[in-house]
Amino acid sequence: MRLRTGVRRAAVVGGLATAAVVVPATVAFAQDAAPVYDGTYIPTNTDLGISLNLFFVMVGAALVVFMQAGFALVETGMCRKKHAAHVVSTNFAIFGLGFVGFFLVGFPLMFGAFSYPGYFGLDEALGTTKLALGDWTFAWWGGWSWATNMDAAKLAPVAAFFLYMVAFMDTTATIPTGAMAERWKWKAFVGWGLFCGAIFYPLFGAWTWGGGWLNQLGNNLELGFGYVDFAGSGVVHGMGGIAALAGAIVLGPRIGKYDKDGKPRSMPGHNLPMAMLGTFILLFGWFGFNAMSTFAATDVRFAVAAVNTGIAAAFGSVAAMFYVMKRKGFEKPDPGMMINGMLAGLVAITAPCAFVEPWAAVVIGVLAAVIVIESIIFFEKKGIDDPVGAISVHGVGGIFGVLCIGIFSSGKYGAGWNLTTEGSAASASGVTGILYDTSLGFKQLIAQSIGALTIIFIMGGLAFAFFKIQNALMKGGIRPPESEELEGLDTIEMGVIAYPEDELIGVSEYTPAVTL
């Protein structure tokens, strides 16, 4: 009987699709035709609508997972040839390591009491156990049954949500692999991957997307809608960036990066075309990252989020190009900075993409590009070595994106966000920045600032403590010996080299790049 029903539904859908194709175009554009879309952001869901939304989430998860290939290409291309196998392997292995940590510990910790009724079937919370002080929740603990013994009808939406969220977690986990590249022991990296998936990412995630204390700043302190972050400028990118900063500080700069006077030397990557190809892959996947964070094809705001994502990326790359062409020290359209300009725009628009108008996406993309370029220069001058600019792109760009919510949000989308029922936000038509409502926008900006400061100081402190403790406990620390770093981590750490043909013809890329 169930099979018959499925066949009947498939036949109906197929017939409708065929009819849509064969109906003459003149009918489609008849002036008296009833509109398909009635103007509401979230039309009422039917069973078919919920199934469509579930498929929408799964496609989004696949796009975000594909971004891992983009990160691998960008980071490997921006690093030197003698470390290429090591760098690309960290980007490959982080998917599995973070996944394992998130599956075993992180997901219940982050989303133990999460539900999203009316969209794709996740109508009931996985559990209710929490660590809290009154209304201030700091962690969840429940929902283990989804992986062992859950009703078949409930398992599908939970599984889809898990896959989408584990892909986001892996983005956070992979960001430090760029900033810490060329000088990070493999065993130390493995520890980070597990720690990030199990504890680091889920903890802040529980405070925000999971419904914790930052999420509820609107209800508990009447600060707008509480901390708002549509697709993760802070939750994903800011967190990865601050961890990258902590790790880079503990590791120290690469050998030869600074001369005896402390002046930074250029250490260019070995394959810019590879890095640019990776950037395009990231751009493609980012539409799944941002637009599909509506969790619903029936929430047509996904189109605005997608377009704003493209706008910020395009204007960010162009702004970076023109900026470095004029800036002293560059005066050329530096390809690496064009890459970072596009990524800066993408990171910054991730939090506000659904809440801002297209003109604001232009401004955010341009400002993010300039801010990130100057940030890269700043950190390099301060002795913090970041081979790919990950600290600035994801950390600084992510924090900027978080603050943009409180500045540029138009108030046209997000009514009731974070289940806000207290204060002036309770009656607002959407998340609102100071450019549209000084009072409500200022409160929202305060909530965003609290979230940003939490990332920088609390989560940054946690990451720094992790790397320091790991460095103290591991024999020889988390950095390889000088001789191995000079020779290249490919042969010592991985037992292979990325380009064996070079060794056959006597190319010296795998010998020390700097003579001390």
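See the structure above.
Source: prediction; values computed, not measured. (Residues numbered from 1 in each chain as written. Predicted model: local features only at pLDDT ≥ 70, side-chain atom pairs only at ≥ 80, totals over all residues. Heavy atoms only, no water.)

### Here's the deal with the overall build of the chain
- Each helix and strand counted, the chain has 17 helices and 4 strands in total.
- Per-residue burial over the chain gives 54% buried out of 516 residues.
- Pairs at least 24 residues apart make up 79% of the contacts formed inside the chain by residues separated by at least 6 positions.
- Accessible surface for the chain amounts to roughly 22,000 Å². Of this, 68% is attributable to carbon and sulfur atoms. (Helix = DSSP H or I, 4+ residues; strand = E, 2+ residues; numbered from the N terminus. Buried < 20%, exposed > 50% of the residue type's maximum accessible area, 1.4 Å probe, protein only. Contact = heavy atoms within 4.5 Å. Areas by Shrake-Rupley, 256 points an atom, 1.4 Å probe, with all protein chains shown as cover.)

### Regarding the pairing of strand β2 (residues 136-140)
- Judged from the 4 bridges that link them, strand β1 (residues 130-133) and β2 form a sheet pairing that is antiparallel. Across the sheet, the residue bridging to Ala 132 is Thr 137, located in β2.
- Linking β1 to β2, which pair antiparallel, is a turn of 2 residues; within it Gly 134 sits at a positive phi near 65°. (Pairing = 2+ DSSP bridges.)

### Some thoughts on the side chain of Thr 432
- In this fold, Thr 432 is placed in strand β4 (residues 430-432).
- Classification of Thr 432 as buried rests on a relative accessible area of 8%.
- Side-chain polar atoms of Thr 432 contact the backbone oxygen of Gly 430, separated by 2.8 Å.
- Every residue in contact with Thr 432, bar those within four places of it in the chain, is listed here: Ile 405, Ser 409, Gly 411, Asp 437, Leu 440, Gly 441 and Gln 444. (Polar contact = N/O pair within 3.5 Å; in protein donor to acceptor, adjacent residues only side chain to side chain.)

### Here we look at the packing of aromatic side chains
- Across all of its chains, the model carries 48 aromatic pairs by this definition.
- Ring geometry for Phe 107 and Phe 111: centres 5.8 Å apart, planes at 55°, overall tilted. In this pair, Phe 107 and Phe 111 both sit in helix α4 (residues 84-111), 4 residues apart, roughly one turn of the helix.
- Look at Phe 111 and you get buried, because its relative accessible area is 1%.
- For the pair Trp 359 and Phe 408, a centre-to-centre distance of 6.1 Å together with 75° between the ring planes defines the contact as edge-to-face. Taken as a pair, Trp 359 in helix α12 (residues 358-381) and Phe 408 in helix α13 (residues 390-408) lie far apart in primary sequence, 49 residues in all.
- Assessed through its relative accessible area of 7%, Phe 408 is described here as buried.
- Looking at Lys 81, its charged tip hangs above the ring of Tyr 499, at a distance of 5.4 Å from the centre. (Phe/Tyr/Trp six-rings, centres within 6.5 Å; stacked < 30°, edge-to-face > 60°. Lys NZ or Arg CZ within 6 Å of the ring centre and 35° of its normal.)

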